[in-house]
Amino acid sequence: MNPFTFEAHIPRVVFGPSTLRRLPEEIERLGAVRALVLSTPEQAALARSVAELLGKRSAGVFARAVMHVPIETAREAREEARRLGADCAVAIGGGSTTGLGKAIALDSGLPIVAIPTTYAGSEMTPIYGLTEGGVKKTGGDPRVLPRTVIYDPELTLTLPVGLSVTSGLNAIAHAAEGLYAHDGNPIVSLMAEEGIRLLARALPALHRTPQHLQARSDALAGAWLCGTVLGHVSMGLHHKLCHTLGGSFDLPHAEVHTVVLPHALAYNAPQAPEALARIARALGTDDAPAALQAFARGLGAPTSLREIGMPEDGLDRAADLAVAAPYPNPRPLDRVALRALLQRAWEGASPVAVSPRGARRHT
Ligand code: NAD
């Protein structure tokens with residue numbers, strides 16, 4: 001066992017079908033009386049029904065959340081919260097809506113109740129992102145960690161199957177990198193392995209039957225565990241690559257994670273054999289990178305950067321950005337090997353651990 005330091009920062013969690021109904025008592029528990037409800041425009045009707053459920057404890061609805069929290073949207077939402085005299089915010093939706101809630105909390109310290117409807121996991125982390133002038137900056141602040149999280153699997157029944165699969169793989173990515181994090185620990189590793197196992201079982205079931213409430217519950221429980229991993233340990237190559245690709249080339253978040261994960265794991269495999277073995281065990285395989293790519297393909301998810309809109313002539317810049325600011329990763333960052341990784345990810349080729357000189361090594 002390696003030495004470690006562990007400090008838990010976990011919000012109160014209310015989990016189970018129909019738990020949305022418990023929102024009013026959870027707001028009361030926080031001592032709040034005027035909640036501003038946040039959502040994307042696509043989920044505005046849901047946000048309005050939440051405001052109705054809150055009755056006099058609702059301050060209003062702000063349904064303008066968009067991906068990557070543009071600073072202008074954050075400012076508008078903060079102003080709306082002030083204008084309405086809100087003393088808490090309820091973020092109902094995926095990572096984009098939770099992110100908007102975090103932007104409000106960062107500025108005002110208002111408590112956030114998050115009600116996740118995807119598997120992105122932002123609700124379990126003190127990490128925020130804000131996009132200004134096309135550049136997304138992330139930071140960490142304990143004020144942005146939601147105070148309460150309500151996980152109601154019934155709210156995920158409407159999540160389109162394609163997004164359910166890619167969002168689930170986004171969650172698996174948090175757990176996979178948590179297993180080789182330089183600041184990892186045994187508790188986080190337990191959560192990571194169980195999170196992967198739950199999602200690996202649930203995603204094929206909900207792909208077959210999107211209304212399968214038990215599968216939806218398992219997937220959401222897996223997402224909770226994976227999100228908790230993300231909130232407690234540092235991510236490595238995979239998350240940095242996805243951040244670069246998503247931010248600089250405007251690619252869809254969950255899909256980028258889905259495509260890149262097998263390649264990033266293959267890259268790190270030679271230096272992280274124990275983590276790879278645990279991921280493989282959770283997936284019920286002996287080759288985690290290949291199995292993850294086959295898993296995604298079998299569930300109809302994208303497996304190449306090309307098909308999600310990445311321009312091939314952007315790969316050199318992506319490789320430059322990937323090595324520009326060093327960070328801890330099991331295997332040192334090597335531009336030649338990362339450029340080869342990106343090429344394979346762009347083509348949708350099978351994942352291999354490319355050596356610095358470009359020679360391929362199967363994992
Ligand atoms: P999203 O929140 O952008 O949602 C995608 C779309 O799906 C939206 O239109 C949304 O309204 C819709 N949607 C969500 N749930 C639905 C449901 N149940 N039924 C029908 N439609 C639904 O996507 P996401 O992948 O959840 O979040 C991505 C964003 O979250 C990115 O900006 C990413 O950087 C951020 N994120 C942040 C963290 C963190 O710790 N800070 C962690 C993960 C993701």
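About the cut-offs
Per-chain numbering applies: the sequence of each chain, read as written, is numbered from 1 onward. The predicted origin of the model limits local features to residues at a pLDDT of at least 70 and limits the giving and counting of side-chain atom pairs to 80 or more, whereas totals for whole chains, interfaces and linings rest on all residues. Computation of side-chain values covers all heavy atoms of the structure but excludes hydrogens and water. Boundaries of every domain are those given by an automatic assignment or by a domain database. Contacts are assigned to residue pairs with any non-hydrogen atoms lying within 4.5 Å of each other. Buried area is calculated as the accessible area (1.4 Å probe) missing from two parts once they are joined, with the contributions of both summed. Salt bridges are defined as contacts in which a side-chain nitrogen from Lys or Arg sits within 4 Å of a carboxyl oxygen from Asp or Glu. Whenever a nitrogen or oxygen atom comes within 3.5 Å of another N or O atom, the pair is scored as a polar contact, on the condition that within protein one atom can donate a hydrogen and the other can accept it, and that pairs from neighbouring residues in sequence are kept only if both atoms are in side chains. Counting from the N terminus, the helices are the DSSP runs of H or I reaching at least four residues and the strands are the DSSP runs of E reaching at least two. Under the convention adopted here, Pro, Cys and the residues Ala, Val, Leu, Ile, Met, Phe, Trp and Tyr are nonpolar, Asp, Glu, Lys and Arg are charged, and Gly plus all remaining residues are polar. Accessibility here uses a 1.4 Å probe with only protein chains present; expressed as a share of the type maximum, an area under 20% marks a residue as buried, one over 50% as exposed, and anything in between as partly exposed. In this scheme, strands are said to pair when DSSP sees at least two bridges between them. The path from the first strand over the helix to the second decides the hand: if it runs clockwise while the strands point away from the viewer, the crossover is right-handed. Note on method: axes are straight lines fitted to C-alpha atoms, helices fitted across the in-contact stretch only, with angles between N-to-C directions ranging 0 to 180 degrees. Neighbouring residues are identified by heavy atoms, a residue being near a molecule or strand if any of them is within 4 Å of it. Computed with the Shrake-Rupley method and a 1.4 Å probe, the accessible areas treat only the protein chains shown as cover for residues. Among buried residues, the Ala, Val, Leu, Ile, Met, Phe, Trp, Tyr and Cys ones that are joined through side-chain atoms within 4.5 Å form a nonpolar core.

Novice: I tried to follow the domain arrangement of the chain on my own but got confused; where do I start?
Specialist: Buried accessible area, meaning the area lost when the parts come together, often serves as the stated size of an interface. The domain boundaries assigned to the chain delineate domain 1 (12-156) and domain 2 (161-362). The distance between the C-alpha centroids of domain 1 and domain 2 comes to 27 Å. Contact residues are listed per partner, giving 21 residues for domain 1 and 23 residues for domain 2. Carbon and sulfur atoms make up 69% of the surface buried where domain 1 meets domain 2, a total of about 1800 Å² over both sides. When the buried area of domain 1 at its contact with domain 2 is split by residue, Phe15, Tyr119 and Met124 rank highest and sum to 36% of it. Taken together, the connections running from domain 1 to domain 2 amount to 0 salt bridges. At the boundary of domain 1 and domain 2, one finds 4 residue pairs in polar contact (both at pLDDT 80 or more). Where the side of domain 1 that touches domain 2 is concerned, the elements lending two or more residues are strand 1 (12-15) and strand 7 (135-140). Across the side of domain 1 that touches domain 2, the residue classes tally to 11 nonpolar, 7 polar and 3 charged.

Novice: Teacher, can you tell me more about the pairing of strand 2 (residues 35-38) here?
Specialist: For a regular strand, the rule is simple: side chains alternate between the two faces of the sheet. Residue alternation in strand 2 divides its side chains into two sets, Ala35 and Val37 and Leu36 and Leu38, and both sets are buried. Here 4 bridges tie strand 2 to strand 3 (residues 58-62), and the two strands are oriented parallel to one another. The partner of Leu38 across the bridge, within strand 3, is Phe62. Each parallel crossover has a hand, and for strand 2 linked through helix 2 (residues 44-54) to strand 3 it is right-handed. In the sheet, strand 2 pairs with strand 4 (residues 88-93) via 4 bridges, with the strands oriented parallel. Note that in strand 4 the partner of Leu38 across the bridge is Ala91.

Novice: Would you take a moment to explain the sheet that holds strand 8 (residues 148-151) for this structure?
Specialist: Neighbouring strands of a sheet are bound in pairs by backbone hydrogen bonds; such pairs are parallel or else antiparallel. Across the sheet, 6 strands lie side by side as 1-8-5-4-2-3; this open sheet has parallel pairing. Each of the sheet's edge strands pairs with one partner strand only, and the pair in question is strand 1 and strand 3. Across this sheet, the average inter-strand angle for adjacent strands is 15 degrees, counted without regard to direction. Relative to strand 5 (residues 112-116), strand 4 runs parallel, the two sharing 5 bridges. If you follow Ile92 over to strand 5, its bridge partner there is Ile115. Across the sheet, helix 3 (residues 71-83) touches strand 2 and strand 3, and the angle it forms with strand 3 is around 160 degrees. Each of strand 1 and strand 8 is contacted by helix 7 (residues 213-232), which is oriented at about 170 degrees to strand 1, the strand it contacts most.

Novice: I'm lost on the site of the ligand in this one. Help?
Specialist: Around the ligand, the surrounding shell holds 23 residues, and the nearest of these are Thr40, Ser96, Thr117, Thr118 and Thr125. Between the ligand and the protein, one listed contact pairs a nitrogen atom with a backbone N or O atom of Leu155 at 2.9 Å. Its free accessible area being 870 Å², the ligand has 85% of it covered by the protein chains. Ranked by the residues each element gives to the shell around the ligand, the list is headed by helix 4 (residues 95-108), at 3 residues. Classifying every residue of the shell around the ligand gives 7 nonpolar, 13 polar and 3 charged. If you count residues domain by domain, the shell around the ligand takes at least three from each of domain 1 (12-156) and domain 2 (161-362).

Novice: Just to check I follow, could you spell out the nonpolar core for this structure?
Specialist: Within soluble globular proteins, side chains that are nonpolar generally end up buried alongside one another. The biggest cluster of nonpolar side chains holds 54 residues, and the ones touching the most others in it are Tyr119, Ile196, Leu265, Leu276 and Ile279. Listing elements by their share of this core, those giving two or more residues are strand 8, helix 5 (161-178), helix 6 (186-208), helix 7, helix 9 (253-268), helix 10 (273-283) and helix 11 (288-298). Among the elements that line this core, the one with the most residues is helix 6, at 11 residues. Composition of this core by domain shows at least three residues from each of domain 1 (12-156) and domain 2 (161-362). Other than its neighbours up to four places away in sequence, Tyr119 contacts Thr156, Leu159, Ser164, Ser167, Gly168, Ala171, Leu206, Arg216, Ala219, Leu220 and Ala223. Formed by 25 residues, the second largest nonpolar core is a distinct cluster that contains Val259, Ala322, Ala345 and Trp346.

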